[in-house]
2 protein chains.
Amino acid sequence: MDNLDRSILDELRRNSRAGYGDIGQIIGLSASAVKRRVDRLVADGVIRAFTIQVDPTVDGMNTEAYVELFCRGTVAPEELLRILSAVPEVVDAGTVTGSADAIVHMRSRDIPSLEAALERVRIAPNVDHTRSAIVLSRLIHRSND
Amino acid sequence: MDNLDRSILDELRRNSRAGYGDIGQIIGLSASAVKRRVDRLVADGVIRAFTIQVDPTVDGMNTEAYVELFCRGTVAPEELLRILSAVPEVVDAGTVTGSADAIVHMRSRDIPSLEAALERVRIAPNVDHTRSAIVLSRLIHRSND
DNA sequence: ACTGAAATGTTGCCTAA
DNA sequence: TTAGGCAACATTTCAGT
(Lines give C-alpha, C1' and ligand atoms only; values in the text may rest on other atoms or scores of the structure.)
Protein backbone atom coordinates (compact mmCIF):
# COMPACT_ATOMS: atom_id res chain seq x y z
CA MET A 1 0.00 0.00 0.00
CA ASP A 2 1.90 3.01 -1.25
CA ASN A 3 0.79 6.35 -2.62
CA LEU A 4 0.23 4.88 -6.07
CA ASP A 5 -2.18 2.30 -4.65
CA ARG A 6 -4.01 5.06 -2.83
CA SER A 7 -4.29 7.09 -6.02
CA ILE A 8 -5.68 4.07 -7.83
CA LEU A 9 -8.27 3.58 -5.09
CA ASP A 10 -9.25 7.24 -5.34
CA GLU A 11 -9.70 7.00 -9.08
CA LEU A 12 -11.73 3.79 -8.85
CA ARG A 13 -13.88 5.28 -6.12
CA ARG A 14 -14.67 8.11 -8.52
CA ASN A 15 -15.28 5.75 -11.45
CA SER A 16 -14.93 2.02 -11.08
CA ARG A 17 -15.22 1.55 -14.84
CA ALA A 18 -12.24 3.79 -15.56
CA GLY A 19 -9.82 2.20 -18.01
CA TYR A 20 -6.44 1.03 -16.73
CA GLY A 21 -4.78 3.23 -19.31
CA ASP A 22 -6.72 6.27 -18.15
CA ILE A 23 -5.79 5.65 -14.53
CA GLY A 24 -2.19 5.08 -15.51
CA GLN A 25 -2.07 8.37 -17.37
CA ILE A 26 -3.31 10.21 -14.29
CA ILE A 27 -0.94 8.62 -11.80
CA GLY A 28 1.97 8.05 -14.18
CA LEU A 29 1.99 4.30 -14.76
CA SER A 30 1.41 2.02 -17.71
CA ALA A 31 -1.92 0.27 -18.15
CA SER A 32 -0.49 -3.14 -17.35
CA ALA A 33 1.18 -1.88 -14.20
CA VAL A 34 -2.14 -0.42 -13.07
CA LYS A 35 -3.95 -3.67 -13.83
CA ARG A 36 -1.45 -5.67 -11.80
CA ARG A 37 -1.86 -3.33 -8.85
CA VAL A 38 -5.66 -3.48 -9.07
CA ASP A 39 -5.53 -7.28 -9.27
CA ARG A 40 -3.33 -7.32 -6.19
CA LEU A 41 -5.62 -4.92 -4.32
CA VAL A 42 -8.55 -7.24 -5.07
CA ALA A 43 -6.58 -10.37 -4.12
CA ASP A 44 -5.48 -8.76 -0.86
CA GLY A 45 -9.06 -7.81 -0.05
CA VAL A 46 -8.38 -4.09 -0.05
CA ILE A 47 -10.94 -3.67 -2.83
CA ARG A 48 -13.97 -5.58 -1.58
CA ALA A 49 -16.20 -5.06 -4.58
CA PHE A 50 -16.80 -3.12 -7.76
CA THR A 51 -20.31 -1.77 -7.41
CA ILE A 52 -22.70 0.97 -8.38
CA GLN A 53 -24.67 3.46 -6.36
CA VAL A 54 -28.32 3.45 -7.31
CA ASP A 55 -30.73 6.26 -6.57
CA PRO A 56 -32.73 4.63 -3.75
CA THR A 57 -35.97 6.44 -4.56
CA VAL A 58 -35.92 5.40 -8.21
CA ASP A 59 -35.07 1.87 -7.24
CA GLY A 60 -38.00 1.93 -4.87
CA MET A 61 -35.79 0.86 -2.00
CA ASN A 62 -36.85 3.61 0.33
CA THR A 63 -37.88 1.74 3.44
CA GLU A 64 -35.16 1.30 6.04
CA ALA A 65 -34.84 -0.04 9.53
CA TYR A 66 -32.23 -0.54 12.20
CA VAL A 67 -32.79 -3.86 13.88
CA GLU A 68 -31.32 -5.06 17.16
CA LEU A 69 -30.82 -8.80 17.19
CA PHE A 70 -31.07 -10.78 20.41
CA CYS A 71 -29.93 -14.39 20.42
CA ARG A 72 -30.37 -17.30 22.77
CA GLY A 73 -27.17 -18.17 24.57
CA THR A 74 -23.94 -17.42 22.79
CA VAL A 75 -23.89 -17.34 19.03
CA ALA A 76 -20.71 -17.29 16.99
CA PRO A 77 -20.28 -14.32 14.64
CA GLU A 78 -19.88 -16.84 11.83
CA GLU A 79 -23.37 -18.17 12.47
CA LEU A 80 -24.84 -14.68 12.45
CA LEU A 81 -23.03 -14.04 9.20
CA ARG A 82 -24.53 -17.19 7.71
CA ILE A 83 -28.02 -16.17 8.78
CA LEU A 84 -27.78 -12.58 7.58
CA SER A 85 -26.03 -13.35 4.30
CA ALA A 86 -29.15 -15.16 3.18
CA VAL A 87 -31.26 -12.01 3.43
CA PRO A 88 -30.51 -9.55 0.62
CA GLU A 89 -32.33 -6.73 2.43
CA VAL A 90 -29.51 -6.69 4.99
CA VAL A 91 -27.34 -3.78 3.99
CA ASP A 92 -25.03 -3.61 6.91
CA ALA A 93 -24.57 -5.61 10.09
CA GLY A 94 -22.16 -6.09 12.94
CA THR A 95 -21.93 -7.62 16.37
CA VAL A 96 -22.02 -4.94 19.02
CA THR A 97 -21.42 -4.14 22.65
CA GLY A 98 -24.48 -3.71 24.83
CA SER A 99 -27.47 -5.91 25.43
CA ALA A 100 -28.13 -6.72 21.78
CA ASP A 101 -25.95 -9.27 20.01
CA ALA A 102 -25.95 -7.51 16.69
CA ILE A 103 -27.32 -4.48 14.90
CA VAL A 104 -28.62 -4.95 11.41
CA HIS A 105 -29.34 -2.19 8.93
CA MET A 106 -31.99 -3.26 6.43
CA ARG A 107 -33.33 -1.62 3.31
CA SER A 108 -36.29 -2.83 1.32
CA ARG A 109 -38.91 -1.71 -1.14
CA ASP A 110 -41.74 -1.17 1.33
CA ILE A 111 -43.02 -2.15 4.75
CA PRO A 112 -44.43 -5.54 3.72
CA SER A 113 -41.16 -6.63 2.15
CA LEU A 114 -39.29 -5.32 5.18
CA GLU A 115 -41.55 -7.39 7.39
CA ALA A 116 -40.94 -10.46 5.23
CA ALA A 117 -37.17 -9.95 5.43
CA LEU A 118 -37.38 -9.49 9.20
CA GLU A 119 -39.31 -12.72 9.41
CA ARG A 120 -36.54 -14.53 7.58
CA VAL A 121 -34.08 -13.29 10.18
CA ARG A 122 -36.32 -14.19 13.07
CA ILE A 123 -37.00 -17.78 12.06
CA ALA A 124 -33.30 -18.61 12.28
CA PRO A 125 -32.53 -20.94 15.17
CA ASN A 126 -30.94 -19.22 18.17
CA VAL A 127 -32.48 -15.89 17.23
CA ASP A 128 -34.57 -15.04 20.28
CA HIS A 129 -36.16 -11.77 19.25
CA THR A 130 -35.54 -8.52 17.41
CA ARG A 131 -36.27 -4.88 18.11
CA SER A 132 -36.76 -2.68 15.08
CA ALA A 133 -36.55 1.06 14.62
CA ILE A 134 -38.00 2.05 11.25
CA VAL A 135 -36.39 5.04 9.62
CA LEU A 136 -38.83 7.92 9.26
CA SER A 137 -36.63 10.42 7.48
CA ARG A 138 -33.14 9.97 6.24
CA LEU A 139 -30.92 12.77 7.59
CA ILE A 140 -27.40 11.92 6.49
CA HIS A 141 -26.15 9.59 3.86
CA ARG A 142 -22.44 10.07 3.28
CA SER A 143 -22.04 7.29 0.81
CA ASN A 144 -18.72 5.61 0.41
CA ASP A 145 -16.08 5.16 3.02
CA MET B 1 -37.61 0.78 -15.36
CA ASP B 2 -38.68 -2.74 -16.20
CA ASN B 3 -37.48 -6.09 -14.95
CA LEU B 4 -34.56 -6.10 -17.39
CA ASP B 5 -33.34 -2.77 -16.01
CA ARG B 6 -33.60 -4.20 -12.53
CA SER B 7 -31.59 -7.25 -13.54
CA ILE B 8 -28.93 -5.00 -15.04
CA LEU B 9 -28.75 -3.02 -11.80
CA ASP B 10 -28.40 -6.25 -9.83
CA GLU B 11 -25.56 -7.44 -12.03
CA LEU B 12 -23.73 -4.12 -11.86
CA ARG B 13 -24.18 -4.05 -8.11
CA ARG B 14 -22.43 -7.39 -7.99
CA ASN B 15 -19.70 -6.33 -10.40
CA SER B 16 -19.65 -2.85 -11.84
CA ARG B 17 -16.87 -3.84 -14.24
CA ALA B 18 -18.90 -6.64 -15.82
CA GLY B 19 -18.87 -6.51 -19.60
CA TYR B 20 -22.06 -5.62 -21.44
CA GLY B 21 -21.87 -8.95 -23.25
CA ASP B 22 -21.63 -10.87 -20.00
CA ILE B 23 -24.61 -9.05 -18.54
CA GLY B 24 -26.56 -9.62 -21.74
CA GLN B 25 -25.87 -13.32 -21.65
CA ILE B 26 -27.21 -13.54 -18.11
CA ILE B 27 -30.40 -11.57 -18.68
CA GLY B 28 -30.94 -12.55 -22.30
CA LEU B 29 -30.09 -9.40 -24.25
CA SER B 30 -27.45 -8.41 -26.77
CA ALA B 31 -24.41 -6.44 -25.63
CA SER B 32 -25.49 -3.29 -27.45
CA ALA B 33 -28.97 -3.47 -25.99
CA VAL B 34 -27.45 -3.70 -22.51
CA LYS B 35 -25.15 -0.77 -23.21
CA ARG B 36 -28.03 1.41 -24.38
CA ARG B 37 -29.96 0.58 -21.22
CA VAL B 38 -26.98 1.27 -18.95
CA ASP B 39 -26.36 4.59 -20.72
CA ARG B 40 -29.99 5.51 -20.19
CA LEU B 41 -29.88 4.49 -16.52
CA VAL B 42 -26.86 6.74 -16.02
CA ALA B 43 -28.42 9.62 -17.96
CA ASP B 44 -31.64 9.33 -15.95
CA GLY B 45 -29.68 9.41 -12.69
CA VAL B 46 -30.78 5.95 -11.63
CA ILE B 47 -27.15 4.88 -11.53
CA ARG B 48 -25.51 7.57 -9.43
CA ALA B 49 -21.95 6.31 -9.68
CA PHE B 50 -19.70 3.42 -10.54
CA THR B 51 -17.56 2.89 -7.48
CA ILE B 52 -15.65 0.44 -5.36
CA GLN B 53 -15.96 -0.72 -1.79
CA VAL B 54 -12.68 -0.49 0.07
CA ASP B 55 -11.78 -2.40 3.21
CA PRO B 56 -12.26 0.28 5.89
CA THR B 57 -9.37 -1.02 7.96
CA VAL B 58 -7.01 -0.04 5.16
CA ASP B 59 -8.21 3.53 5.43
CA GLY B 60 -7.62 3.39 9.15
CA MET B 61 -11.33 3.92 9.77
CA ASN B 62 -12.05 0.73 11.62
CA THR B 63 -14.03 1.81 14.64
CA GLU B 64 -17.79 2.00 14.27
CA ALA B 65 -20.80 2.56 16.45
CA TYR B 66 -24.55 2.73 16.20
CA VAL B 67 -25.81 5.53 18.42
CA GLU B 68 -29.35 6.11 19.57
CA LEU B 69 -30.09 9.77 20.06
CA PHE B 70 -32.57 10.95 22.68
CA CYS B 71 -33.69 14.54 22.65
CA ARG B 72 -35.51 16.79 25.10
CA GLY B 73 -39.06 17.56 24.00
CA THR B 74 -39.71 17.56 20.29
CA VAL B 75 -36.88 18.31 17.91
CA ALA B 76 -37.39 19.06 14.25
CA PRO B 77 -35.55 16.79 11.81
CA GLU B 78 -33.93 19.90 10.37
CA GLU B 79 -32.30 20.65 13.69
CA LEU B 80 -30.98 17.11 13.99
CA LEU B 81 -29.62 17.44 10.49
CA ARG B 82 -27.86 20.66 11.44
CA ILE B 83 -26.30 19.03 14.49
CA LEU B 84 -25.17 15.86 12.74
CA SER B 85 -23.89 17.54 9.60
CA ALA B 86 -21.22 19.19 11.68
CA VAL B 87 -19.72 15.84 12.70
CA PRO B 88 -17.82 14.19 9.85
CA GLU B 89 -17.73 10.85 11.67
CA VAL B 90 -21.47 10.53 11.07
CA VAL B 91 -21.82 8.20 8.12
CA ASP B 92 -25.50 7.62 8.15
CA ALA B 93 -28.42 8.90 10.22
CA GLY B 94 -32.18 9.00 10.26
CA THR B 95 -35.09 9.74 12.53
CA VAL B 96 -36.76 6.54 13.66
CA THR B 97 -39.82 5.04 15.26
CA GLY B 98 -39.45 3.82 18.82
CA SER B 99 -38.21 5.54 21.95
CA ALA B 100 -35.10 7.03 20.38
CA ASP B 101 -35.42 10.13 18.21
CA ALA B 102 -32.71 9.14 15.76
CA ILE B 103 -30.17 6.47 15.02
CA VAL B 104 -26.72 7.54 13.96
CA HIS B 105 -24.10 5.35 12.36
CA MET B 106 -20.59 6.64 13.06
CA ARG B 107 -17.18 5.59 11.81
CA SER B 108 -13.88 6.85 13.09
CA ARG B 109 -10.22 5.94 13.32
CA ASP B 110 -10.25 4.64 16.89
CA ILE B 111 -12.12 4.74 20.17
CA PRO B 112 -10.76 8.10 21.35
CA SER B 113 -11.77 9.84 18.13
CA LEU B 114 -15.15 8.13 18.30
CA GLU B 115 -15.57 9.41 21.83
CA ALA B 116 -14.65 12.92 20.73
CA ALA B 117 -17.17 12.78 17.91
CA LEU B 118 -19.85 11.50 20.25
CA GLU B 119 -19.11 14.36 22.59
CA ARG B 120 -19.71 16.84 19.78
CA VAL B 121 -23.14 15.31 19.23
CA ARG B 122 -23.96 15.29 22.93
CA ILE B 123 -23.17 18.93 23.64
CA ALA B 124 -25.79 20.09 21.16
CA PRO B 125 -28.72 21.80 22.86
CA ASN B 126 -31.84 19.64 23.12
CA VAL B 127 -29.81 16.45 22.96
CA ASP B 128 -30.66 14.74 26.20
CA HIS B 129 -28.52 11.63 26.03
CA THR B 130 -27.18 8.98 23.71
CA ARG B 131 -26.87 5.21 23.85
CA SER B 132 -24.05 3.68 21.89
CA ALA B 133 -23.44 0.18 20.61
CA ILE B 134 -19.87 -0.18 19.45
CA VAL B 135 -19.36 -2.55 16.56
CA LEU B 136 -17.22 -5.52 17.57
CA SER B 137 -17.04 -7.33 14.27
CA ARG B 138 -18.39 -6.27 10.97
CA LEU B 139 -20.56 -8.99 9.47
CA ILE B 140 -22.09 -7.54 6.32
CA HIS B 141 -21.20 -4.51 4.31
CA ARG B 142 -23.27 -4.57 1.16
CA SER B 143 -23.80 -0.93 0.57
CA ASN B 144 -22.10 2.38 0.70
CA ASP B 145 -22.92 3.66 4.10
C1' DA C 1 -29.56 -6.99 -33.90
C1' DC C 2 -25.41 -7.71 -36.55
C1' DT C 3 -20.94 -6.24 -38.22
C1' DG C 4 -16.26 -4.40 -38.41
C1' DA C 5 -13.11 -0.98 -36.83
C1' DA C 6 -11.19 1.08 -32.76
C1' DA C 7 -10.33 0.84 -28.00
C1' DT C 8 -9.31 -1.68 -24.02
C1' DG C 9 -8.09 -5.69 -21.29
C1' DT C 10 -4.77 -9.44 -20.68
C1' DT C 11 -0.54 -11.95 -20.67
C1' DG C 12 4.35 -13.18 -21.38
C1' DC C 13 8.84 -11.63 -21.54
C1' DC C 14 12.48 -8.46 -20.73
C1' DT C 15 14.80 -4.84 -17.97
C1' DA C 16 15.92 -2.19 -13.91
C1' DA C 17 16.36 -1.40 -9.04
C1' DT D 1 13.01 -10.79 -6.03
C1' DT D 2 9.65 -7.37 -6.99
C1' DA D 3 7.67 -3.93 -10.03
C1' DG D 4 7.26 -1.56 -14.57
C1' DG D 5 7.28 -1.20 -19.60
C1' DC D 6 6.48 -3.06 -24.10
C1' DA D 7 4.37 -5.75 -27.44
C1' DA D 8 1.32 -9.32 -29.09
C1' DC D 9 -2.99 -11.28 -28.64
C1' DA D 10 -7.89 -11.59 -26.88
C1' DT D 11 -11.88 -9.35 -25.74
C1' DT D 12 -15.03 -5.52 -25.51
C1' DT D 13 -16.94 -1.29 -26.92
C1' DC D 14 -19.29 1.38 -30.13
C1' DA D 15 -20.96 3.42 -34.45
C1' DG D 16 -23.18 2.47 -38.76
C1' DT D 17 -26.17 -0.32 -41.05
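Here the structure is shown first, and the text comes after it.
Residues numbered from 1 in each chain as written. Chains lettered and ligands numbered in written order. Predicted model: local features only at pLDDT ≥ 70, side-chain atom pairs only at ≥ 80, totals over all residues. Heavy atoms only, no water.

Caption draft 1: View of the layout of surface pockets. Each pocket or cavity is described by its volume, and for the second largest pocket that value is around 350 Å³. Around the second largest pocket, the lining comprises 24 residues; the ones closest to its centre are Glu68, Ile103 and Arg131 of chain A together with Glu68 and Arg131 of chain B. Residue assignment for the lining of the second largest pocket shows that the elements contributing at least two residues are β2 (63–71) and β5 (127–141) of chain A together with β2 (63–71) and β5 (127–141) of chain B. Classifying every residue of the lining of the second largest pocket by side-chain character gives twelve nonpolar, eight polar and four charged. (1 Å grid on protein atoms, 1.4 Å probe; cavity = no way out; pocket = protein on both sides within 12 Å on 5 of 7 lines; lining within 4 Å. Points joined across faces, edges and corners; volume = space filled by probe spheres on them. Helix = DSSP H or I, 4+ residues; strand = E, 2+ residues; numbered from the N terminus. Nonpolar A, V, L, I, M, F, W, Y, C, P; charged D, E, K, R; others polar.)

Caption draft 2: Region of the structure containing the packing of aromatic side chains. By the definition in use, this model includes one aromatic pair over all chains. Pairing Tyr66 of chain A with Tyr66 of chain B gives two aromatic rings, centres 6.1 Å apart and planes at 65°, and the pair type is edge-to-face. Of this pair, Tyr66 of chain A sits in strand β2 while Tyr66 of chain B sits in strand β2, which puts the two residues in different chains. Both residues of the pair, Tyr66 of chain A and Tyr66 of chain B, count as buried. (Phe/Tyr/Trp six-rings, centres within 6.5 Å; stacked < 30°, edge-to-face > 60°. Buried < 20%, exposed > 50% of the residue type's maximum accessible area, 1.4 Å probe, protein only.)

Caption draft 3: Structural context of the pattern of salt bridges. Residues and elements named next belong to chain A. Tallied over the entire structure, the rule returns 30 salt bridges over all chains. Measuring nitrogen to oxygen at the nearest pair gives 4.0 Å for the salt bridge that ties Arg40 to Asp44. Of the residues examined, Arg40 reaches a relative accessible area of 33% and is grouped as partly exposed. Overlapping salt bridges bring together Asp2, Asp5, Arg37, Arg40 and Asp44 as one network. (Salt bridge = Lys/Arg side-chain N within 4 Å of Asp/Glu carboxyl O.)

Caption draft 4: Spotlight on the interface of chain A and chain B. Between chain A and chain B, the contact holds 59 residues from the first and 58 residues from the second. In total, chain A and chain B occlude about 5700 Å² of area from one another, counting both sides; carbon and sulfur atoms represent 51% of this. Applying the counting rule to chain A against chain B returns four salt bridges. The salt bridge partner of Arg138 of chain B is Asp92 of chain A, with a shortest N-O separation of 2.8 Å. When contributions to the side of chain A that touches chain B are tallied by element, the ones reaching two or more residues are α1 (3–14), β1 (47–54), α4 (56–59), α5 (77–85), β3 (90–96), β4 (102–108) and β5 of chain A. With ten residues, the single largest contributor to the side of chain A that touches chain B is β5 of chain A. (Contact = heavy atoms within 4.5 Å. Buried area = accessible area lost by both parts, 1.4 Å probe.)

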